[in-house]
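Geometric and topological summary
Letter by letter, the chains look like this.
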Amino acid sequence: MKKLLVVIDMQNDFIDGALGTKEAEAIVDNVVAKIQEYPKDCIYATRDTHTADYLETQEGKFLPVVHCVEGTKGWEINEKVAKALEGAVIVNKGTFGSSELADMLYFETIGQDEVEIELIGLCTDICVVSNAILIKTKLPEAKVTVDPSCCAGVTPESHSAALQTMKMCQCVVE
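Residues numbered from 1 in each chain as written. Predicted model: local features only at pLDDT ≥ 70, side-chain atom pairs only at ≥ 80, totals over all residues. Heavy atoms only, no water.

1. Side note on the pairing of strand β4 (residues 115-122)
β4 sits mainly inside the fold: eight of its eight residues count as buried. The side-chain alternation of β4 yields two buried faces, one formed by Val115, Ile117, Leu119 and Gly121 and the other by Glu116, Glu118, Ile120 and Leu122. When strand β1 (residues 2-8) meets β4, the two strands line up parallel, connected through seven bridges. Across the sheet, Leu5 pairs through a bridge with Glu118, a residue of β4. In the sheet, β4 pairs with strand β5 (residues 143-152) via six bridges, with the strands oriented parallel. Bridge pairing links Leu119 to Val146 in β5. Running through helix α6 (residues 124-138), the crossover from β4 to the neighbouring parallel element β5 is right-handed. (Buried < 20%, exposed > 50% of the residue type's maximum accessible area, 1.4 Å probe, protein only. Helix = DSSP H or I, 4+ residues; strand = E, 2+ residues; numbered from the N terminus. Pairing = 2+ DSSP bridges. Right-handed = clockwise from strand over helix to strand, strands pointing away.)

Right, dumping it as structure tokens:
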């Protein structure tokens, strides 16, 4: 079985920066421990990536908080997580989900009889759910799992709602 880990947007702005929460801060050690369970060549990570004109974009109009501007401290992956991710593939993404990531996982798993892709990270209710659905769409026979202890949402309620949505879309929440 091919088993891959996807670490979504464990960036400073989502942990203790512009959009940080105490729930996001609380999962950092869990995320590091999970990363350490996987070989480096089986780990992918995403980095939310915006430009200085973020507030002029559609997303910026809906969420008028400048965050994850490329090259800033907030855009960087949390120091502990970055150290654990050394050697992993990092994908910059300009929106919630990454079709590039889904394509990479598809090509990585061609010819595999069984595939499991585990997702962890931030935010459960925006980028984790978006990527889980994209991956499940691209790889419908893959087992897509989410570890709630390694995820945090914008609020605890939206975190729970996103987990339920992923379950309804045939992702395994364990």
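2. What about a nonpolar patch on the surface?
Together, Tyr106, Phe107 and Ile110 make up an exposed nonpolar region whose accessible area comes to about 320 Å². Tracing the chain through its elements places Ile110 in the loop between α5 (99-108) and β4. (Patch = residues over 30% accessible without salt bridge, like charges linked within 9 Å, V, L, I, M, F, W, Y side chains within 5 Å. Areas by Shrake-Rupley, 256 points an atom, 1.4 Å probe, with all protein chains shown as cover. Salt bridge = Lys/Arg side-chain N within 4 Å of Asp/Glu carboxyl O.)

3. Topic: the packing of α6 against helix α7 (residues 156-168)
At their nearest, the axes of α6 and α7 sit 9 Å apart, and the two run at 15° to each other. The orientation of α6 with respect to α7, classified from their angle, is roughly parallel. For α6 against α7, the interelement crossing comes out right-handed. Where α6 abuts α7, its residues Thr124, Asp125, Val128, Val129 and Ala132 lie against Ser158, His159, Ala162, Leu163, Thr165 and Met166. Taken together, the residues of the contact of α6 with α7 break down into six nonpolar, four polar and one charged. (Axes fitted to C-alpha atoms, helices over the stretch in contact; angles between N-to-C directions. Parallel < 35°, antiparallel > 145°, perpendicular 65-115°, else oblique. Left-handed = near helix turned anticlockwise from the far one by under 90°. Contact = heavy atoms within 4.5 Å. Nonpolar A, V, L, I, M, F, W, Y, C, P; charged D, E, K, R; others polar.)

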